[in-house]
Amino acid sequence: MIRQEKRKWIGSLLLLVTALIVCSTPFQKLTSMPNELRLFAGSNEELRLSVPVMGTLVNSNPEVLAVNGTEGREVPVDFSKPVSVEPRQAGSTDLQVKWGNMPIKTVKVSVLPDLRVIPGGQSIGVKLQTSGVLVVGHHLVNNGTEKFSPGERSGIHVGDTIIKMNDMYINDMNDVKKLVNEAGAKNEPVQMLVVRGKEKLTVNLMPAKDVKDSEYRMGLYIRDSAAGVGTLTFYEPKTGAYGALGHVISDVDTGQAIVVGDGQIVQASVTSIEKGESGNPGEKFARFYNESQVLGNITKNTPFGIFGKMKEPPKRSYYQEAIPVALAEQVQEGPAKILTVVDGQRVEEFDIEIVNVVKQHFPATKGMIIRVTDKRLLDKTGGIVQGMSGSPIIQNGKMVGAVTHVFVNDPTSGYGCFIEWMLQDAGLGNRDSSELKAS
């Protein structure tokens, strides 16, 4: 009987001690370590725990990662001091935290190939050719008997993209005009391949002859190109890849994202700025400069901007050498810088504050909220203005993101996206180190 009570008493004591350990600050801080950690090869990082205990870090792959400068698999660690981790090559390893012989936590560490980019900030002119032609409206054709839109009657919607007519790929509106007139003269319908969202549809359209000018018409307003001004975000010197704008280019009438058929970026020069104020976002006014000198092509238009290859490094860069990039989880609230042009072609650096960081594990826009704090920029622009989208955000010597949108009711503030998502769309990065290719 006494022996049973003693066992119960010892069991209760062990349970109490375990509960105290689990609830203790050191244990809580150890277990709060992330389950996964991503680093770039060649960087030096510190794990800050500030826990007044001694323990061991078991490193499953010392060739990938060194702990506190040692290559051993088991490293004694004083957790009251920062633990230094040095990524040595691309790959993965597991760091197991042990207290005595008791495993506490295992962290999967992925080391990504070193990636550095030259921050942009330059104003660029964007000339985009659509893939096919975009339907932006319907209009009525008077054939002498009635007024109607043949396109609308055939079931073509605003926002549709016509990519083929009579089995011929369409490059511009001149191609469309020629094929419509040929079909009308033969009194035959035009067979069209139409893209609507993710669907592809075959549509037959019978052109109608307009009595006013004797031209055959489809009763559709169409567009085959777009142009504008934005900001270059980054240039990757090893591959020539670039990213710009930080947001998708959409058609002004339909709101549809423009599907790229071809495109170029050229130099642009800022001529004036309309200062932003509450309820009225400002705008950069710029002109294309030296249009005949194409800086690069445009191959993609995504939610994170436009992407392609440049023929040579951009001129007038604020940074002459490539700098490291930050992963989404490494971006912190606090002071930062943006690079942009407010006069002519000179890239300048301005102070901002990253006031909120949204934790994102997968690509999504609006990753951070930023606020302009630089008096010079506030006096000149009122904060963030249209045309500033794509301006690179720099924090602690790393490229962390790009300006994307301004708050309509507060032009001093706006959104930014993480540079990681732009790099992925440029073909320069993946979250999984096993899939990331060295440049």
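Residue numbers restart at each chain and count upward from 1, following the sequence in its written direction. For this predicted model, a pLDDT threshold of at least 70 governs which residues receive local features, and a threshold of 80 or more governs which side-chain atom pairs are given and counted, while totals over whole chains, interfaces and linings are taken from all residues. Side-chain descriptors were evaluated using all non-hydrogen atoms of the structure, hydrogens and water having been removed beforehand.

1. Here we look at the overall build of the chain
Moving on, step 1. When its secondary structure is counted, the chain shows 6 helices and 31 strands.
Moving on, step 2. Type-normalised accessible area, obtained with a 1.4 Å probe on protein chains alone, sets the label of each residue: buried when under 20%, exposed when over 50%, and partly exposed for intermediate values. For the chain, with 439 residues in total, the buried portion stands at 46%.
Moving on, step 3. Surface accessibility follows the Shrake-Rupley procedure with a 1.4 Å probe radius. Residue values consider only the protein chains on display as shielding. Just so you have it, the chain exposes about 21900 Å², and 49% of that area is on carbon and sulfur atoms. The secondary structure listing takes helices from DSSP runs of H or I that are at least 4 residues long and strands from runs of E that are at least 2 residues long, numbered from the N terminus.

2. Some remarks on the environment of I384
Moving on, step 1. Relative to the helices and strands, I384 resides in the loop between α5 (375-381) and β29 (392-395).
Moving on, step 2. Residue I384 is classed as buried on the basis of its relative accessible area, which comes to 3%.
Moving on, step 3. Any pair of residues with heavy atoms lying within 4.5 Å of one another is described as a contacting pair. With residues up to four places along the chain from it excluded, the contact list for I384 reads I370, V372, V403, H405, V406, P411, T412, S413 and G414.

3. Structural notes on the sheet that holds β29
Moving on, step 1. Read once around its circumference, the closed barrel built from 6 strands follows the order β26-β27-β28-β31-β30-β29, with strand pairing classed as antiparallel. Here the strands of the sheet are splayed against their neighbours by 45° on average, with no regard to which way each runs. A pair of strands is treated as paired once DSSP finds two or more bridges between them. What counts as an axis is a line fitted to C-alpha atoms, over the stretch in contact for a helix, and the angles between N-to-C directions run from 0 to 180 degrees.

4. Examining the pattern of salt bridges
Moving on, step 1. Throughout this description, the term salt bridge denotes a Lys or Arg side-chain nitrogen within 4 Å of a carboxyl oxygen of Asp or Glu. Counted under the stated rule, the structure contains 15 salt bridges.
Moving on, step 2. Ionic pairing is found between K127 and E291, a salt bridge with its closest N-O pair at 3.4 Å. Of this pair, K127 sits in strand β10 (residues 123-138) while E291 sits in strand β22 (residues 283-297), and the two are 164 residues apart along the sequence.
Moving on, step 3. Accessibility expressed as a relative area gives 42% for E291, which makes it partly exposed.
Moving on, step 4. Here D160 ties to R196 by a salt bridge, and the two come within 2.8 Å at their closest N and O atoms. You can see D160 sitting in the loop between α3 (150-153) and β13 (161-165) and its partner R196 sitting in strand β15 (residues 190-196), a full 36 residues away along the chain.
Moving on, step 5. Judged by its relative accessible area of 22%, R196 is partly exposed.
Moving on, step 6. Linked through salt bridges whose partners overlap, the residues forming this network are R346, E348, D374 and R376.

5. Examining the nonpolar core
Moving on, step 1. Here, nonpolar core refers to any group of buried Ala, Val, Leu, Ile, Met, Phe, Trp, Tyr and Cys residues whose side-chain atoms link them within 4.5 Å. Counting 48 residues, the largest nonpolar core has F234, I354 and I393 as the members making the most contacts within it.
Moving on, step 2. Going through the elements one at a time, β21 (260-274), β26 (334-341), β27 (347-357), β28 (368-372), β29, β30 (398-407), β31 (410-418) and α6 (419-425) are the ones with two or more residues in this core.

6. Focus: the environment of R316
Moving on, step 1. Here R316 shows up in the loop between β24 (305-309) and β25 (323-324).
Moving on, step 2. Accessibility expressed as a relative area gives 43% for R316, which makes it partly exposed.
Moving on, step 3. Residues R316 and R346, 30 residues apart in the sequence, show an inter-C-alpha distance of 6.7 Å.
Moving on, step 4. If we skip the residues at most four places from it in the chain, R316 touches Q122, Q267, Q345 and V347.
Moving on, step 5. At a separation of 3.4 Å, a polar atom in the side chain of R316 contacts the side chain of Q267.
Moving on, step 6. Distance and chemistry together define a polar contact, namely a pair of N or O atoms within 3.5 Å, with one atom able to donate a hydrogen and the other to accept it when in protein, and with adjacent residues in sequence counting only for side-chain atoms on both sides. Reaching out from R316, the side chain makes a polar contact with the side chain of Q345 at a distance of 3.5 Å.

7. A few points about empty space enclosed by the protein
Moving on, step 1. Only protein atoms enter the calculation, which uses a 1 Å grid: trapped sets of points that fit a 1.4 Å probe without letting it out are cavities, open sets showing protein on both sides within 12 Å along at least five of seven lines are pockets, and any residue with an atom within 4 Å of a point is a lining residue. Grid points are joined across faces, edges and corners, and a volume is the space filled by probe spheres set on the points. The full count for this structure, using the stated rule, is 2 cavities of 30 Å³ or more.
Moving on, step 2. In this model, the largest cavity occupies a volume close to 190 Å³.
Moving on, step 3. Considering the residues around the largest cavity, the lining is formed by 15 residues, among which Q122, Q267, L295, K315 and R316 are closest to the centre.
Moving on, step 4. Counting residues per element, the ones that place at least two in the lining of the largest cavity are β10, β21 and β22.
Moving on, step 5. Any residue that is not Ala, Val, Leu, Ile, Met, Phe, Trp, Tyr, Cys, Pro, Asp, Glu, Lys or Arg is counted as polar, Gly included; the first ten are nonpolar and the last four charged. Counted by class, the lining of the largest cavity contains 7 nonpolar, 5 polar and 3 charged residues.

8. With respect to the pairing of β15
Moving on, step 1. Bridge analysis of β13 against β15 gives 4 bridges, and the strand direction is antiparallel. Note that in β15 the partner of K164 across the bridge is L193.
Moving on, step 2. Relative to strand β16 (residues 199-205), β15 runs antiparallel, the two sharing 7 bridges. If you follow V195 over to β16, its bridge partner there is K200.
Moving on, step 3. Joining the antiparallel neighbours β15 and β16 is a turn of 2 residues, in which G197 adopts a positive phi near 65°.

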